[in-house]
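Topology and contacts: notes
Listed below, chain by chain, are the residues.
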Amino acid sequence: MLRSTYAIVDLKAIDHNILAAKAGLPEGTRMLAVIKANAYGHGLCEVGKHLDADDSVSMFGVAICEEGMRLREAGVEKPILILGVTDERHWDAVVRCDLTAAVFTPEQVYDLSAAAKKAGKNASVHLKIDTGMHRIGVPSEEALRAVLDAFERCPNVRMTGMFTHFAKSENDPDFTALQAKRFDSAVAAVRARGFSPIVHAANSGAILGAPASYSYDMVRLGIAMYGCHPNGKAGNDCGLIPALSLVTHISNLKTLGPGEGISYGQKYVTTKETVVATLPIGYGDGYKRCLSGKADVLIGGRRCPGIGTICMDQLMVDVTDVPDVKLGDEAVLLGNQGSERVTADELAELADTISYEILLSISDRVPRVYR
Ligand SMILES: Cc1ncc(COP(=O)(O)O)c(C=O)c1O
């Protein structure tokens, strides 16, 4: 039975955001849907299965092998690219599940080749180039030559793609252009050796900011697919629809007189007669404790201030100004109610983080309901 706290995931909003992102791209640009980290909190397999049937998505992006395996177990058939480093213990699983690994060292190519040989299969990989993010990827021209040598020696490992990742595409066009220039010379070097991978670089920042410039053959859409702009509030007007709402219902109501402390530490003290609603959600559900005393909750179509420290499983809200408030009333922590809205960007600013972390912090304890 569904608990009274849940997240509503609007799959139509995801579809809308994909089309909105595609609209600015050159005709024929392929789309990789980034669904790592539980599809940014929206549900890995549910979003994966939904988009597996969507012709506008060509490929999925996950961070680790286990996420790809879970998608295959759920019946997802489209190609799945592991964007991060694959642990060497997972090469067999990569081959078995037909996952596409990101590789950037000769050792990775040799190890995967051995696993593919053992299974009597070919493996498909995308070559990752480091152009300035300095996280993973081939770091230099010399290193690139060595990896290409390994590919030549291992014909059962097919380089079907190559990619890089932008570090500041949402707010630094000059650095993004520098990264693209470095990437272009790596692409030229790879093609000069006779390989013909599909090429991709753009994340949400590049897709929304300079759609035609960095689209190459494919783009990788992450946060924008879920309805947030990577640049936070600054990008609010780009027609994206947030796909996730976080909802609960009032579990207790009381009226306190002035001078009453609320919650752990009694950090909030009432100054007048106050109607206090308790909500069955807390930092154990991923509603961050650092939002204590900062974030509003929507009840009765109004913004109600959170009061006192957020507990692990519960929190308190001042509902004095909500007419006819009663037990069981809906409370929206993220999303719309009436004409009011709380966005992931708003909570991110209050929590000194980014919308990504707000969304994917929502814990497994919160059931996802799909619409
Ligand atoms: C390699 C790679 N590509 C694409 C993305 C998607 O980025 P965004 O969510 O900003 O679109 C990420 C996200 O972290 C990533 O690591």
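Quick note: structure is the one above.
Report follows, based on the coordinates. (Residues numbered from 1 in each chain as written. Predicted model: local features only at pLDDT ≥ 70, side-chain atom pairs only at ≥ 80, totals over all residues.)

**Topic: the overall build of the protein**
Under the convention used in this document: Secondary structure counts use DSSP, requiring at least four H or I residues in a row for a helix and at least two E residues in a row for a strand, with both numbered from the N terminus. Exposure criterion: with C-beta atoms placed from backbone coordinates, a residue whose C-beta has 20 or more other C-beta atoms within 10 Å is buried, one with 12 or fewer is exposed, and one in between is partly exposed.
A tally of regular secondary structure across the protein gives 11 helices and 20 strands. Overall size of the protein, expressed as C-alpha extent along the three principal axes, is 80 × 45 × 35 Å. A total of 371 residues make up the protein; the buried ones form 46% of that total.

**Details of the site of the ligand**
Quick reminder of the rule: Each residue receives a C-beta atom built from its backbone; the residue is near a molecule or strand if that atom lies within 6 Å of it. Side-chain classes are defined by residue name, with Ala, Val, Leu, Ile, Met, Phe, Trp, Tyr, Cys and Pro counting as nonpolar, Asp, Glu, Lys and Arg as charged, and the others, Gly among them, as polar.
As a matter of local geometry, the ligand sits amid 13 residues, with Asn-203, Ser-204, Arg-220, Gly-222 and Ile-223 nearest to it. Of all the secondary-structure elements, those providing two or more residues to the shell around the ligand are helix H9 (204–209) and strand S9 (218–221). Grouping the amino acids of the shell around the ligand by side-chain chemistry returns six nonpolar, six polar and one charged.

**As for the packing of helix H6 (residues 106–119) against helix H7 (residues 141–153)**
Rule in force here: Inter-axis angles, ranging from 0 to 180 degrees, are taken between N-to-C directions of lines fitted to C-alpha atoms, where helices are fitted over the stretch in contact. Our angle categories are set so that under 35 degrees counts as roughly parallel, over 145 as roughly antiparallel, 65 to 115 as roughly perpendicular, and the remainder as oblique. When the near helix sits turned anticlockwise from the far one by under a right angle, the crossing is termed left-handed; a clockwise turn instead gives a right-handed crossing. Two residues qualify as a contact pair if the distance between their C-beta atoms, derived from the backbone, is within 7 Å.
Across the interface, H6 lies against H7 with an axial gap of 8 Å and an inter-helix angle of 15 degrees. Relative to H7, the element H6 lies roughly parallel. Relative to H7, the crossing made by H6 is right-handed. Contacts between H6 and H7 involve Pro-106, Val-109 and Tyr-110 on the former and, on the latter, Ala-146, Val-147, Asp-149, Ala-150 and Phe-151. Residues belonging to the contact of H6 with H7 are distributed by class as follows: seven nonpolar, no polar and one charged.

**Quick word on the packing of helix H3 (residues 44–52) against helix H4 (residues 65–73)**
The N-to-C vectors of H3 and H4 enclose an angle of 60 degrees; their axes lie 10 Å apart at closest approach. When the interaxial angle is binned, H3 and H4 end up oblique. Of the two possible hands of crossing, H3 and H4 adopt the one that is right-handed. Here Leu-44, Cys-45 and Gly-48 of H3 come into contact with H4, specifically with Glu-67, Arg-70 and Leu-71. The residue inventory of the contact of H3 with H4, partitioned by class, reads three nonpolar, one polar and two charged.

**A look at the nonpolar core**
The test is simple: As used here, a nonpolar core is made of buried Ala, Val, Leu, Ile, Met, Phe, Trp, Tyr and Cys residues. They are joined through C-beta atoms within 7 Å.
Ranked by internal contacts, the top residues of the largest apolar core, which has 110 residues, are Ala-33, Leu-112, Leu-127 and Val-317. Among the elements that make up this core, the one with the highest residue count is helix H8 (residues 173–192) (five residues). Excluding residues within four positions of it along the chain, Leu-112 makes contact with Trp-91, Val-94, Ala-101, Val-103, Ala-123, Val-125 and Val-157.

Fair warning: the whole summary comes from geometry, so function is off the table for now.
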